[in-house]
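Below, each chain spelled out in residue letters.
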Amino acid sequence: MKKEHLPIYGVGPFCGVSMLLFFIVGILMEIFGYLRSGKVEILRIPFFIIGIILIVLAVWIWIQAVLVIKIDRAILDNQLVTSGVYSWVRNPIYTAIAMALTGASLLFGNLWLLFLPLIFWLDITVLMKATEEKWLTARYGQAYLDYCKKVNRCIPWIPKYK
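Everything numeric in this text was worked out from a predicted model, so none of it was measured. (Residues numbered from 1 in each chain as written. Predicted model: local features only at pLDDT ≥ 70, side-chain atom pairs only at ≥ 80, totals over all residues. Heavy atoms only, no water.)

**Details of the pattern of salt bridges**
The condition that has to hold: When a carboxyl oxygen of Asp or Glu is within 4 Å of a side-chain nitrogen of Lys or Arg, the pair counts as a salt bridge. Working definition: with a 1.4 Å probe on protein chains only, accessible area under 20% of the residue-type maximum means buried, over 50% means exposed, and in between means partly exposed.
Across all of its chains, the model carries 4 salt bridges by this definition. Salt-bridge contacts for Asp77 lead to Arg73; the nearest nitrogen and oxygen are separated by 3.4 Å. Overall, Asp77 belongs to the partly exposed group, its relative accessible area being 30%. On the accessibility criterion, Arg73 (45% relative accessible area) is partly exposed. Through salt bridges that share partners, Arg90, Glu133 and Arg153 make up one connected network.

Below is the structure:
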């Protein structure tokens, strides 16, 4: 008999929807003029360029995690994935969502919207610590804990090799 696998989507839908709601509230506040003091016209073009880069990078990260690594298959097979994009960030799908929303918020050229990435990071951190990290520790034990020491939770970075 095959061991039962972890949830395919985990808290992903909740995490993604909550980040999207924060993004929508921020954008609506910008559109309706509540964040007017954050508009800095000289930053509009650099913010736009950085925003597009972040969106493209987010799509690439998502494709790597979902289509290349096929994380759903790994979950069904009870495999701990630590290679590919997962060697750069432990939660690349959530990271991709946060990165795409951050990029989209930069397109508006408003400094106040720079608070959104902090909210996204907090959202991912709290949800992951409370749920998926506990599940993965229970399932994979020391192998997962060692992985956590080498790879950031939600900010892609070159892995630490010890």
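**Some thoughts on unusual backbone geometry**
Applicable threshold: For the purposes of this entry, the term helix denotes a DSSP run of H or I that reaches at least four residues, the term strand denotes a run of E that reaches at least two, and both are numbered from the N terminus.
Positive phi is not limited to glycine here, since Lys70 has a value of about 60°. In this fold, Lys70 is placed in the loop between helix H2 (44–68) and helix H3 (71–76).

**Some points on helix H5 (residues 115–130)**
We apply this condition: The span expected for a helix works out to 1.5 Å for each residue beyond the first. Note on definitions: a residue-residue contact is assigned when non-hydrogen atoms from the two residues lie within 4.5 Å.
If you check H5, its first and last C-alpha atoms are 23 Å apart, about what 16 residues at 1.5 Å a residue would give, namely 22 Å. Every buried residue of H5 is accounted for by Leu116, Phe120, Asp123, Ile124, Thr125, Leu127 and Met128. Along its buried surface, H5 packs onto helix H1 (12–31), helix H4 (92–106) and helix H6 (132–140).

**Quick look at the nonpolar core**
Applicable threshold: Buried residues of nine kinds, namely Ala, Val, Leu, Ile, Met, Phe, Trp, Tyr and Cys, make up a nonpolar core once their side-chain atoms join them within 4.5 Å.
In terms of nonpolar packing, the biggest core is built from 20 residues, with Ile71 and Tyr86 touching the most fellow members. Elements with a contribution of two residues or more to this core: H2, H3, H4, H6 and helix H7 (142–150). Counting residues per element, this core draws most heavily on H2, at 5 residues. Excluding residues that lie within four positions of it along the chain, Ile71 makes contacts with Ala65, Val66, Val81, Tyr86 and Ile93. The next biggest cluster of nonpolar side chains, apart from the first, holds 17 residues, and it includes Phe23, Ile27, Leu113 and Leu116.

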